[in-house]
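Next come the chains, spelled out residue by residue.
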Amino acid sequence: MNRLSPITDDDATEEQRAVREAIIATRGPRMVGPDGALVGPFNAMVASPTIGRRFAELGAAVRSDSSLPDDLLELAICTTGAHWRSEFEWWAHRRLGVEAGLDPEELDEIAAGRTPDFESSARRAVHELTVELLTTQRVSGPTWDASAAHLDQGQLVDLVTTIGYYCLISSVLNTFEVPLPDGIEPVWE
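Thresholds, definitions, all that
Residues numbered from 1 in each chain as written. Predicted model: local features only at pLDDT ≥ 70, side-chain atom pairs only at ≥ 80, totals over all residues. Heavy atoms only, no water. Core = buried A, V, L, I, M, F, W, Y, C linked by side-chain atoms within 4.5 Å. Buried < 20%, exposed > 50% of the residue type's maximum accessible area, 1.4 Å probe, protein only. Helix = DSSP H or I, 4+ residues; strand = E, 2+ residues; numbered from the N terminus. Contact = heavy atoms within 4.5 Å. Expected span 1.5 Å × (residues − 1). Polar contact = N/O pair within 3.5 Å; in protein donor to acceptor, adjacent residues only side chain to side chain. 1 Å grid on protein atoms, 1.4 Å probe; cavity = no way out; pocket = protein on both sides within 12 Å on 5 of 7 lines; lining within 4 Å. Points joined across faces, edges and corners; volume = space filled by probe spheres on them. Nonpolar A, V, L, I, M, F, W, Y, C, P; charged D, E, K, R; others polar. Axes fitted to C-alpha atoms, helices over the stretch in contact; angles between N-to-C directions. Left-handed = near helix turned anticlockwise from the far one by under 90°.

1. Here's the deal with the nonpolar core
Next up, step 1: Formed by 45 residues in total, the largest nonpolar core has its most connected members in Ile23, Met45, Trp90 and Leu159.
Next up, step 2: Where this core is concerned, the elements lending two or more residues are helix 1 (14–27), helix 2 (42–47), helix 3 (49–64), helix 4 (70–84), helix 5 (87–99), helix 6 (104–111), helix 7 (121–136) and helix 9 (153–175).
Next up, step 3: Counting residues per element, this core draws most heavily on helix 9, at nine residues.
Next up, step 4: Not counting chain neighbours up to four residues away, the residues in contact with Met45 comprise Val19, Ile23, Gly52, Phe55, Ala56, Tyr165 and Ile169.

In structure tokens form, the structure reads like this:
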């Protein structure tokens, strides 16, 4: 059950409507749910339009303007979503990860809290950095070195920013109990 009331175009203030329209313009009309409110974390962004506008802009930059290859971007997002056990986040990005070339079985291992036996050393390094940062709030020298062997400095900044952004997204989704779309079964209890 969503703890936030749905904000439709009819219910929105002028400022909320502007944020809503900007999200729809960059993400598409699929972001509008059956009740007329935005789905996922986007209704929360509309509820607090001053922060929500900036929140949405950062999300668009992280998703669309990242220097990370799509598979590594989605791997970091899925690993973060699994860490948070964020159902909506996992549902939204697991399929994007598969579309980006990630192995569905490896993603299932991540959802189960296990480390996959990655064939790609770049994917292994990104997963290890993400898990280490999320669990220890630090990145050790060896983990950094493994990631730096595959990513340049800009990509490393994009990776850490992606992890932080999706921690924020996951906390919003979990706190406000944003539901999965109808007919989608949760991964975690």
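This is not the end of the story, as more comes after the structure.
2. Concerning helix 7
Next up, step 1: For helix 7, spanning 16 residues, the distance from its first C-alpha to its last is 22 Å, which sits close to the expected 22 Å at 1.5 Å a residue.
Next up, step 2: Residues of helix 7 that are buried include every one of Ala122, Arg123, Ala125, Val126, His127, Leu129, Thr130, Glu132 and Leu134, and no others.
Next up, step 3: Tucked into the core, helix 7 has its buried residues touching helix 4, helix 6, helix 8 (141–148) and helix 9.
Next up, step 4: The N-cap residue of helix 7 is Ser120: its side-chain oxygen and the backbone nitrogen of Ala122 are 3.3 Å apart.
Next up, step 5: Just beyond helix 7, the residue with positive phi is Gln137, at close to 65°.

3. As for the layout of surface pockets
Next up, step 1: Looking at the largest pocket, its volume works out to about 840 Å³.
Next up, step 2: Surrounding the largest pocket, 36 residues form its lining, Met31, Val39, Gly40, Phe88 and Trp91 being those nearest its centre.
Next up, step 3: Elements with a contribution of two residues or more to the lining of the largest pocket: helix 1, helix 2, helix 3, helix 5 and helix 9.
Next up, step 4: Broken down by element, the residue count for the lining of the largest pocket peaks at seven residues, all from helix 5.
Next up, step 5: Here the lining of the largest pocket is built from residues that sort into 21 nonpolar, eight polar and seven charged.
Next up, step 6: Size it by volume and the second largest pocket reaches roughly 230 Å³.
Next up, step 7: Taken together, 15 residues make up the lining of the second largest pocket; nearest its centre are Ala82, His83, Ile110, Gly113 and Val131.

4. Quick word on the environment of Pro6
Next up, step 1: Mapped onto the fold, Pro6 is located in the segment before helix 1.
Next up, step 2: Owing to a relative accessible area of 40%, Pro6 belongs among the partly exposed residues under this scheme.
Next up, step 3: C-alpha separation for the pair Pro6 and Asn43, spaced 37 residues apart in sequence, amounts to 6.7 Å.
Next up, step 4: If near-sequence neighbours (up to four positions away) are discounted, Pro6 is found in contact with Asp11, Asp35, Ala37 and Asn43.

5. Thoughts on the packing of helix 7 against helix 8
Next up, step 1: Between helix 7 and helix 8, whose axes approach to 8 Å, the crossing angle comes to 145°. In this structure, the crossing between helix 7 and helix 8 has a hand that is left-handed. Contacts between helix 7 and helix 8 pair Ala125, Val126, Glu128, Leu129 and Glu132 from the former with Thr143, Trp144, Ala146 and Ser147 from the latter.
Next up, step 2: Partitioned by chemical class, the residues of the contact of helix 7 with helix 8 number five nonpolar, two polar and two charged.

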